[in-house]
Amino acid sequence: NYDFVNQQMHFLNGKTDMVVENLPDIDTIIIDKTRFIPYENRFLEVMKGKKAVLLIEKEVKTREEGKVGAMGVATHGTVQAIDVNARFQRVNGENKTNLTIYKDEIKNIYYINVKRNLESFRNQVTFLKCFPKKQQERIKEIIKTIDVDFNNPEDVLKLWGEVNL
């Protein structure tokens, strides 16, 4: 499995969880139907279309959602709740009274090969910056025509296939 939070590839050796090391010695890893290639100190997913290849890096950002309020519902204000478990935890020497709720957001960073340079982008604005100004208007029209969602790798691959002619 690929642990994209820690940027590590794991595999089982018998019953032991192992981490893939020596990335320069590895060309490709295939898990089910998904291909990964090593790039610097991490792995990139490889998506192949009929006309193009797209590389994808998963990035995880943890953000605070709020605090646990009444009935376990997240609130964004100050929480002045009595934690009934806090007394029990302190009696047992524990002190786990953090009531913060966190949420992980997974974002894609895409990589494409433009004139033998690996360019990265996350959205329409950064995608357009990968190309000369004179090509950007044509690319904007393609984006509108095929209605690209930059959070969807299949849409981005389709777009790259149209642009990469």
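Just so you know, these numbers come straight off a predicted model, no measurement behind them.

1. So, the packing of aromatic side chains
Here the distance between the centres and the angle between the planes together describe a pair of aromatic rings.
Now for step 1: For the coordinates displayed, the defined rule picks out 7 aromatic pairs.
Now for step 2: Taking the centre distance of 6.1 Å and the plane angle of 55 degrees together, the rings of Phe 127 and Phe 150 count as tilted. Taken together, the residues span a long stretch of sequence, with Phe 127 in helix α2 (residues 124-128) and Phe 150 in the loop between α3 (133-146) and α4 (153-163) at a distance of 23 residues. Here Phe 127 matches Phe 150 in class, with each residue buried.
Now for step 3: Taken together, Tyr 110, Phe 121, Phe 127, Phe 131, Phe 150 and Trp 160 form an aromatic cluster joined through their ring pairs.

2. Comments concerning the sheet that holds strand β3 (residues 16-19)
Now for step 1: Taking strand neighbours across the sheet as the criterion, the 3 strands line up as β1-β2-β3 in an open arrangement whose pairing is antiparallel. In this open sheet, the two strands that pair with only one neighbour each are β1 (2-3) and β3.
Now for step 2: The pairing of strand β2 (residues 8-13) with β3 spans 4 bridges and is classified as antiparallel. Opposite Leu 12, over in β3, you have Asp 17 as the bridge partner.

3. Notes on the nonpolar core
Now for step 1: Ranked by size, the top nonpolar core spans 22 residues in total, and within it Leu 54, Phe 121, Phe 127 and Phe 131 carry the most contacts.
Now for step 2: Those elements that place two or more of their residues in this core are β7 (53-68), β9 (100-114), α2, α3 and α4.
Now for step 3: Counting residues in each nonpolar core, the second largest holds 7 residues, with Met 9, Val 20, Leu 23 and Phe 43 among its members.

Calculation notes
- Residues numbered from 1 in each chain as written.
- Predicted model: local features only at pLDDT ≥ 70, side-chain atom pairs only at ≥ 80, totals over all residues.
- Heavy atoms only, no water.
- Phe/Tyr/Trp six-rings, centres within 6.5 Å; stacked < 30°, edge-to-face > 60°.
- Helix = DSSP H or I, 4+ residues; strand = E, 2+ residues; numbered from the N terminus.
- Buried < 20%, exposed > 50% of the residue type's maximum accessible area, 1.4 Å probe, protein only.
- Pairing = 2+ DSSP bridges.
- Core = buried A, V, L, I, M, F, W, Y, C linked by side-chain atoms within 4.5 Å.

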